[in-house]
Amino acid sequence: MNLLPKSHEEFKTSDYWNTFFKKRGKKSFEWYGEYPELCSYLFKYIKHKDDILVVGCGNSTLSMNLYDAGYKNMINIDISEVVIKQMREWNRSKRPDLPYEVMDVSKMTYSDEKFSVILDKGTLDAIMPDTTDATLEIVDKFFQEIHRVLRNGGRFVCISLLQEHILKKLVSYFPTAGFMFRVSRCIEAEMKTKEEEGSTIPVFIVVATKFNKLSQPVLEIALDNGPPRRVQTIEEIISAVNSTQESALICNTLYKGSVADVGEVSLDLYRPGETIPRYTLYVVDEPSKSKKTYAAFIVPQGRESDWLFSTKEGRQHLLKSTQRDRLAVVVLRREHKFDNMEAVKKEINDSVINLAPIGLGANEIPFLSLGSDVGKRLVCCEGTSEMSGAYVVEEIEDENSVIYRRLLFLNNQFTIQSEARIKITKSRRGKMKKIVDPGFLACEHHISMSLAVSSLTSIKTDPEALVVGLGGGGLCTFLTHCFPKLKITAVEIDKEILKIATEYFGLVQTENLKVEIADGIKFLHDSAENKRKFDAILFDVDNKDVSLGMSCPPKQFIEDSVLNTVVKTLTNDGLFILNLVVRNQALRQGVIDNLKNVFKFVSSCSLESDVNEVIISSMNSYVIDEWNSRIKTAAINLNKQANEQKLSTDNLINVSKIFETFSIEK
């Protein structure tokens, strides 16, 4: 296990333990593992010469196994007279000098600093089922007794499942009491449990080493097969353990069941010691009872923002295209470098196996991708916007060697904010140079918005449009080139975006294309007051607050006051064209209702391979035949203009299918 998993929000710690204890039922504490799986860990922290106290020994065979392995200086205690009598009888002949004594761990009678090791396998978990005052009083006395009877340099070795309340109690006492504190993971014990029980429950060994003088807390974790690593805070230990437990629940769920009912699950993979994930894995299932086929799909660098890989809908489409029952979609995070495809496969292999359904061996899991290359990205620039935070402009090359330039905000790096296609041409001096293709529309919704504009250019001599939300300027650039007589005013609140669009996305301001740096809503109000009119008003604005459930536009852009201002700013037969991205149907209906309260006509255009939806509204009423005729004419005009202006050699719109995407909201 070279990578450490951390689950996303689908599973929570409380769910983990509810599931575990329901499944566990009346099973014994051997869930913690037996001697063969634990010995390699115990041998690291317990030496043959140590004076060992085993607390809460019960009827476990662990002490007998250790004795047979040469650990002769050992005392076992338990509060149960019955179990102590039983263990004495079992060992009377074979291990006559292995003592078992009746004793309460919170009231030990041994002298101070008598032992160099105190070993606990599940006892703390047993005596601390909750955090009531009575329970905490017993645990506090137990910890104080450990502190008292341990020598300086002695170790409290505790094998535990580390429920969160237990872990927090441990870290609240031992580091502050001068103990070096380490949490290790018993991977062999987990694997044995998985073989026998069909699921894996994380088992941990806490090693608290007593020091009379420790200048500062020493905190370590070892949750993989690598060496322990130092951490700075107790919170880091709690977070790492919780993430391990949550991820185990994901693996258990995927091993025996399906996640088709929730759509998908996801988790990040980290290298030990790193805080930025190296990979993000999405697991998607076909809604079938059996899981007989499984594969991992490695997304090449630079392609993670593609619809196919960055959205739930896209990943479901990818699953169907691979014809597998389960697919793990592996995203290579931009913050890291990757040597080649084989190195990636080797690094993620164990993690991919852990996500496999029951019955599939390690050799039955193929790796898929778009090609043999791990992919690459060329960073053109990096910067920070006061409005949107850190951003990057980068170029990627697809499997057909086509170059795309993209703008991404790093706080939402799986969403492409703007995209341009790059053409390689020769300069007059014969040098190769890159230019932005003005005929490329990266987003399907931009084609639909252009279609709506086209319906105006065929009936207006000198139409004028207002575009709120510039982005990389791709839509404005295309419209300017496609319709030479169209005048566009673009409003963008972020001056950094205008700089990016100009320097990297080929935006050129002309007599017919002007950019205003202003708040879009205020610009609308000012235009209405000055009685300025537009034939088309386009809202193509993303929402920075993703918690609202609507990615485009921001909520305030579709409030009644703003929509009424739009009406005042439109010409009599003008169109309001809205890019809407909302997943919640009730929220979408609320937007439609708002529009219908203001406009006499509202039509929607759904997009097959996009989450975006284009809503076209007007103060004129249209019957369906009249609207269909207008849209068909606009589609023919758009194709014609794009071809004449040499923006496209193919039709942008399939005229014969245009009516399939449009519907009138009633």
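Keep in mind the model is a prediction, meaning the values are calculated, not measured.

**Q** Residues and numbers for the overall build of the protein chain, please.
**A** Looking only at helices and strands, one finds 20 helices and 29 strands in the protein chain. Against the compact-globule benchmark of 26 Å for 666 residues, the protein chain has a radius of gyration of 33 Å, which places it well outside the compact range. Along the three orthogonal principal directions, the C-alpha set of the protein chain runs to about 105 × 50 × 50 Å. Sorting the 666 residues of the protein chain into buried and exposed places 53% on the buried side. Taking contacts inside the protein chain between residues at least 6 apart in sequence as the whole, the part at least 24 apart equals 69%. Total accessible area computed for the protein chain in this model is approximately 30,500 Å², and 49% of it derives from carbon and sulfur atoms. When the 85 positive and 90 negative side-chain charges of the protein chain are each reduced to one mean point, those points stand 3 Å apart.

**Q** Before we move on, could you go through the nonpolar core and cite the residues and values that matter?
**A** One recurring pattern in soluble globular proteins is that nonpolar side chains are buried together. Counting 44 residues, the largest nonpolar core has L451, L470, L479, L538, I577 and F662 as the members making the most contacts within it. When near neighbours in sequence (up to four residues on either side) are disregarded, L470 contacts C476, A490, V491, E492, L498, A501, L507 and V515. Within the second largest apolar cluster, 41 residues are counted, among which are M108, F143, I166 and F181.

**Q** Describe the sheet that holds strand 10 (residues 229–231), and please don't skip the residues or the numbers.
**A** Taken together, the nine strands give an open sheet; going across it, the order is 4-3-2-5-6-8-7-9-10, and neighbouring strands pair in mixed fashion. On the outer flanks of this sheet lie strand 4 (100–102) and strand 10, each paired with one strand and no other. Across this sheet, the average inter-strand angle for adjacent strands is 20 degrees, counted without regard to direction. Here four bridges tie strand 2 (residues 52–55) to strand 3 (residues 74–78), and the two strands are oriented parallel to one another. Note on strand 3: the bridge partner recorded for V55 is I77. With respect to the sheet, helix 2 (residues 35–45) is in contact with strand 5 (115–121), strand 6 (150–160), strand 7 (179–185) and strand 8 (204–210), its orientation differing from that of strand 6 by roughly 165 degrees. Here helix 4 (residues 81–91) sits on the sheet and contacts strand 3 and strand 4; the angle it forms with strand 4, its principal contact strand, is near 165 degrees.

**Q** Pulling in residues and values, what's your account of the pairing of strand 5?
**A** Counting buried residues in strand 5 gives seven out of seven residues, a clear majority hidden from the surface. Note that strand 2 and strand 5 share four bridges and pair parallel. Directly across from I52, in strand 5, lies its bridge partner V117. Here six bridges tie strand 5 to strand 6, and the two strands are oriented parallel to one another. Looking at strand 6, one finds that D120 is bridged to C158.

**Q** Explain helix 17 (residues 560–569) to me, and be specific about the residues and the numbers.
**A** Those residues of helix 17 lying buried are V562, L563, T565, V566 and T569. Buried residues of helix 17, viewed axially, fall in a sector of 155 degrees; they line one side. In the core, the buried residues of helix 17 are packed alongside helix 16 (520–529), strand 24 (534–539), strand 26 (570–582) and helix 18 (585–598).

**Q** Explain the environment of S40 to me, using residue names and the numbers behind them.
**A** Within the secondary structure layout, S40 lies in helix 2. When the C-alpha positions of S40 and C186 are compared, they lie 9.3 Å apart, and in sequence the two are 146 residues distant.

**Q** Give me the lowdown on the sheet that holds strand 20 (residues 432–436), citing residues and values where you can.
**A** Across the sheet, which stays open at both edges, the five strands sit in the order 16-17-18-19-20 with antiparallel pairing between neighbours. Only two strands of the sheet have a single partner each, and these edge strands are strand 16 (377–385) and strand 20. Neighbour-to-neighbour, the strand axes of the sheet open up by a mean angle of 25 degrees, direction not taken into account. Pairing of strand 19 (residues 418–426) with strand 20 involves five bridges; the strand directions are antiparallel. Bridge pairing links T425 to K433 in strand 20.

**Q** Go over the pairing of strand 24, please, and point to the residues and values.
**A** Counting buried positions along strand 24 gives six out of six residues, so the element sits mostly inside the fold. Here four bridges tie strand 21 (residues 464–468) to strand 24, and the two strands are oriented parallel to one another. Bridge pairing links A465 to A536 in strand 24. Note: strand 24 against strand 26, five bridges, orientation parallel. Residue pairing in the sheet places A536 in a bridge with L575 of strand 26.

**Q** Lay out the pattern of salt bridges with the relevant residues and their values.
**A** For the structure on display, the rule yields 35 salt bridges. Among the salt bridges present, the one from R588 reaches E613, with a minimum N-O distance of 2.7 Å. Residue R588 is found in helix 18, and its partner E613 is found in strand 28 (residues 613–618); the two are separated by 25 residues along the sequence. No difference in accessibility class separates R588 from E613, as the two residues are buried.

**Q** I'd like a rundown of the confidence of the model for the protein chain, residues and numbers included.
**A** The predicted coordinates of low-pLDDT regions are not to be read in fine detail. Residues at a pLDDT of 70 or more form 92% of the protein chain, whose mean pLDDT is 87. Here residues 9–30 is modelled with pLDDT under 50, and outside its nearest four sequence neighbours on either side it reaches 44 contacts, counting other chains as well.

**Q** Break down the environment of V453 for me, with residues and values.
**A** Mapped onto the fold, V453 is located in helix 13 (residues 444–457). Taking the relative accessible area as the measure of exposure, V453 reaches 1% and is therefore buried. Counting along the chain gives 48 residues from V453 to R405, while the straight-line C-alpha distance between them is 26 Å. Excluding residues within four positions of it along the chain, V453 makes contact with L479, F483, L486, L538 and I577.

**Q** Hey, could you go over the packing of aromatic side chains for me, with residue numbers and the actual values?
**A** This structure, assessed with the given rule, holds 19 aromatic pairs. Ring geometry for F539 versus F576: centroids 4.9 Å apart, planes at 85 degrees, classification edge-to-face. With F539 in strand 24 and F576 in strand 26, the pair connects residues that are 37 residues apart, well separated along the chain. Of the two residues examined, F539 and F576, each falls in the buried class. Through pairs of rings, three or more aromatic residues link up here, namely F142, F143, F156, Y173, F174 and F179. In this arrangement the basic side chain of K72 is found over the ring face of Y67, its NZ or CZ atom lying 3.9 Å from the centre. One Lys or Arg, K114, reaches over the ring of F115 and ends 5.6 Å from the middle of that ring.

**Q** Explain the packing of helix 7 (residues 164–173) against helix 9 (residues 234–256) to me, and be specific about the residues and the numbers.
**A** At a minimum axis distance of 11 Å, the contact between helix 7 and helix 9 shows a crossing angle of 155 degrees. Judged by the angle between their axes, helix 7 and helix 9 are roughly antiparallel. The crossing of helix 7 and helix 9 is right-handed. From helix 7, E164, L167, K168 and V171 reach across to helix 9, where they touch I234, I237, I238, V241 and N242.

Rules used in this analysis
- Residues numbered from 1 in each chain as written.
- Predicted model: local features only at pLDDT ≥ 70, side-chain atom pairs only at ≥ 80, totals over all residues.
- Heavy atoms only, no water.
- Helix = DSSP H or I, 4+ residues; strand = E, 2+ residues; numbered from the N terminus.
- Rg over C-alpha atoms; globule rule 2.2 N^0.38 Å.
- Buried < 20%, exposed > 50% of the residue type's maximum accessible area, 1.4 Å probe, protein only.
- Contact = heavy atoms within 4.5 Å.
- Areas by Shrake-Rupley, 256 points an atom, 1.4 Å probe, with all protein chains shown as cover.
- Lys, Arg positive; Asp, Glu negative; His and termini not counted.
- Charge placed at Lys NZ, Arg CZ, Asp CG, Glu CD.
- Core = buried A, V, L, I, M, F, W, Y, C linked by side-chain atoms within 4.5 Å.
- Pairing = 2+ DSSP bridges.
- Axes fitted to C-alpha atoms, helices over the stretch in contact; angles between N-to-C directions.
- Arc of directions from axis to C-beta.
- Salt bridge = Lys/Arg side-chain N within 4 Å of Asp/Glu carboxyl O.
- pLDDT = per-residue confidence, 0-100.
- Phe/Tyr/Trp six-rings, centres within 6.5 Å; stacked < 30°, edge-to-face > 60°.
- Lys NZ or Arg CZ within 6 Å of the ring centre and 35° of its normal.
- Parallel < 35°, antiparallel > 145°, perpendicular 65-115°, else oblique.
- Left-handed = near helix turned anticlockwise from the far one by under 90°.

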